[in-house]
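Residue-level listing of the chains:
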Amino acid sequence: MARVTVIPVMLILSFFQRKALFSTSLASGQPDVVDALGLHNVLRITKHESRVILSWNNNLTKEETENYTVKYILSYKFFNTTHERKERLQGKKKIIRLELHSGFNAKVKTQLFAKETEDVIKESGWTEFTYKAPPVYIQNLSCIIYNISSFNCIWHIKAEAPEDIQIFFSYRHVGKDFECQQYIKNAGKKNIGCHMKEMYFQPSRKINLNITVRDLRNKSRGLSYYKAFTPQRIEKLNPPINISVSLENRSIKIHWKPPPTIGSASNKCFLYQVKITDRKIVDVTAEKYEYPFHKPANKCAAQVRVKKEICIRNKIWSEWSEPVFIHDEKAVDVMLLSLTLFFLLIFLGGLLICTCRRYRCLEVITMPVPHPSDNIRTWLSADETRHQKQISVQMKMHSEITMGIPEENGDENIQQQKCLKEFGLEDLQG
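Residues numbered from 1 in each chain as written. Predicted model: local features only at pLDDT ≥ 70, side-chain atom pairs only at ≥ 80, totals over all residues. Heavy atoms only, no water.

## A look at the overall build of the protein
Along the protein, the regular secondary structure elements total six helices and 25 strands. Long-range pairs, those at least 24 residues apart, make up 60% of the contacts in the protein with a sequence separation of at least 6. For the protein, the exposed surface amounts to about 28,500 Å²; the carbon and sulfur share of it is 54%. (Helix = DSSP H or I, 4+ residues; strand = E, 2+ residues; numbered from the N terminus. Contact = heavy atoms within 4.5 Å. Areas by Shrake-Rupley, 256 points an atom, 1.4 Å probe, with all protein chains shown as cover.)

In structure tokens, the structure reads:
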């Protein structure tokens, strides 16, 4: 049941303060902003499960509301934060979502504006209020949707959390409640995350998380923390698909397609980043990228990643795609030719070896020379003996001829030389 807290702020009004309500500034000639003692507000706090409704009333008269434009300034700051949020409202109500905060400080004041000039005519003082919520024992809650249907949430447990607590997780989406399918635990067996798969997400409907902290000893109802996410804001896309790279006219041309998504798949929704070896990462909104490549390296790689940016802001980038390698066309041609020749030589060599093995070419080439038989050896020895005897006889005849013929006969010496040449003994003459 909702709880309502009323905070009256009663200020004492005096006759002299009422008389000074519309004093005039002599320097500017414009109505000055009067001290705000003439106005006050009453704050009301209504606590719901995941939010606090802050509402207020004022003591403006009917004449004041008809003659002036009434606006309110609301300022509030959560505990343990330094950022103060300030809004200007025309209504008298503000919903503040606690999420994982244990309370906040808020203040509000009323302003009256001239309808013709929008100058501030009158304003109240601040009405302040401090709201303390139950302690929060978890921090750094982070959730992500990936692969279209998988959902992960992780959190940390604060050091001051009681020892015997356990944390339970569920969420509500498109009117259905889902309990955690698989908890992620730390070394102390405390639940610090939840993994769910094969889920359906409608991008226009929020995911409302409910994280309940229970004391296992007391078995009490426990504390519940709430946080809402828009599915497309926490979706981690897969890398772009169908990536192709070409090198044409000294320019690199890269094309790709966006990955599947649970939200809009319009081309205008995606923001891409292209990374090429030794070059800066560039943002691209189209599904292609081209740049001049005057001095191409022998080999470089291109990668692309994506996130939702334009249709809905998403801070989560996909992983980089697998690298696609870029080669210089000439280098590629030479490499292909070299590889072709190399494999052709290997093929021809293998074919030659197989042919030689089939027809026993190697056996014929490498066949050892047989040793001669004993008969052949005897025959060769006898033939050699006869040859040596013949040479001895020819030498003896030569000696006799040389001794019996006078040297002065030149014609005869020439005849003798021819004779020796015919018998192959000219080398023995000297």
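## Notes on the packing of aromatic side chains
The description of an aromatic ring pair rests on the distance of the ring centres and on the angle between the ring planes. With the rule as written, the count across this model stands at eleven aromatic pairs. Between Tyr76 and Phe78, the ring centres sit 6.0 Å apart and the planes meet at 90°, which makes this aromatic pair edge-to-face. Here Tyr76 and Phe78 have matching classes, each one buried. Between the NZ or CZ atom of Lys71 and the centre of the ring of Phe113, over which it lies, the distance is 5.3 Å. When the ring centre of Trp126 is taken as reference, the NZ or CZ atom of Lys107 above it lies at 4.8 Å. (Phe/Tyr/Trp six-rings, centres within 6.5 Å; stacked < 30°, edge-to-face > 60°. Buried < 20%, exposed > 50% of the residue type's maximum accessible area, 1.4 Å probe, protein only. Lys NZ or Arg CZ within 6 Å of the ring centre and 35° of its normal.)

## What about the sheet that holds strand β19 (residues 241–248)?
Hydrogen bonds along the backbone pair up the strands of a sheet, which may run parallel or antiparallel. Ordered by their spatial adjacency, three strands build an open sheet running β19-β20-β23, and the pairing between neighbours is antiparallel. Both edges of this open sheet fall to β19 and β23 (288–292), since each of them pairs with a single strand only. Ignoring which end each strand starts from, the neighbouring axes of this sheet average 10° apart. With six bridges joining them, β19 and strand β20 (residues 251–257) adopt antiparallel strand pairing. Among the inter-strand pairings, Val245 is bridged to a residue of β20, identified as Ile254. (Pairing = 2+ DSSP bridges. Axes fitted to C-alpha atoms, helices over the stretch in contact; angles between N-to-C directions.)

## Side note on the environment of Leu112
Along the chain, the position of Leu112 falls in strand β7 (residues 103–114). Note on Leu112: relative accessible area 1%, which makes it buried. For the pair Leu112 and Tyr68, spaced 44 residues apart in sequence, the C-alpha to C-alpha distance is 5.7 Å. Leave out the neighbours within four places in its chain, and Leu112 touches Leu60, Tyr68, Thr69, Val70, Asp119, Val120, Ile121 and Lys122.

## Thoughts on the nonpolar core
Residues Phe151, Trp155, Phe169, Tyr171 and Leu209 are the most contacted members of the largest nonpolar core, which totals 27 residues. Elements with a minimum of two residues in this core: β10 (138–146), β11 (150–157), β12 (165–173), β15 (191–196), β16 (207–215) and β17 (223–229). Other than its neighbours up to four places away in sequence, Trp155 contacts Ile138, Gln139, Asn140, Leu141, Ile167, Phe169, Asn191, Ile192, Gly193, Cys194 and Ile211. One finds Leu89, Ala114, Ile121 and Phe129 within the second-largest nonpolar core, a separate group that totals 24 residues. (Core = buried A, V, L, I, M, F, W, Y, C linked by side-chain atoms within 4.5 Å.)

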